[in-house]
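Inside the fold
Listed here are the chains, written in short residue letters.
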Amino acid sequence: MALYNPSSVTVVESTSSTSTPSTVAASTSSQTIAAANANRKGLTIWNNSTANLYIDFDSAATTSEAAVPISAGGYFEMPFNYTGIISGIWSAANGNALVRELT
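Rules and cut-offs
Residues numbered from 1 in each chain as written. Predicted model: local features only at pLDDT ≥ 70, side-chain atom pairs only at ≥ 80, totals over all residues. Heavy atoms only, no water. Pairing = 2+ DSSP bridges. Helix = DSSP H or I, 4+ residues; strand = E, 2+ residues; numbered from the N terminus. Axes fitted to C-alpha atoms, helices over the stretch in contact; angles between N-to-C directions.

A separate point is the sheet that holds strand E7 (residues 86-90). Taking strand neighbours across the sheet as the criterion, the four strands line up as E2-E7-E4-E5 in an open arrangement whose pairing is antiparallel. The outermost strands of the open sheet, each flanked by one partner alone, are strand E2 (31-34) and strand E5 (68-70). Put simply, the sheet's adjacent strands are angled 35 degrees from each other on average, direction ignored. With three bridges joining them, strand E4 (residues 53-56) and E5 adopt antiparallel strand pairing. When the bridges of E5 are listed, Tyr54 appears paired with Pro69.

Below is the structure:
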């Protein structure tokens, strides 16, 4: 069986020149962690709390159906260029989330 080598492909990586910090107070009610932003290229979240943080990629996070659970003291880095809203809810209301949005 012959091998096929396609012509070369150029990949242009997205880069960021701005990092905008924000802090979201822990709550047992769903909170907006980051509003939708068409210019977002990346996002990091540090759960600066002794409680678990549950994030979801919609307007209402729950502790039972979260996309990503972040343990107390844990860190999350968005693995792709998602630009929609990110919400979060904690298992107890103490501490906060330290967010960095890269644009």
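Anyway, onward from the coordinates.
Moving on to the sheet that holds strand E8 (residues 96-102). The strand order across the open sheet formed by four strands is E1-E8-E3-E6, and the pairing between neighbours is antiparallel. On the outer flanks of this sheet lie strand E1 (19-25) and strand E6 (75-77), each paired with one strand and no other. Ignoring strand direction, the axes of neighbouring strands in this sheet form an average angle of 15 degrees. Note: strand E3 (residues 42-48) against E6, three bridges, orientation antiparallel. Across the sheet, residue Thr44 finds its bridge partner in E6, namely Glu77.

Geometric descriptors of this kind do not, in isolation, establish any biological role.
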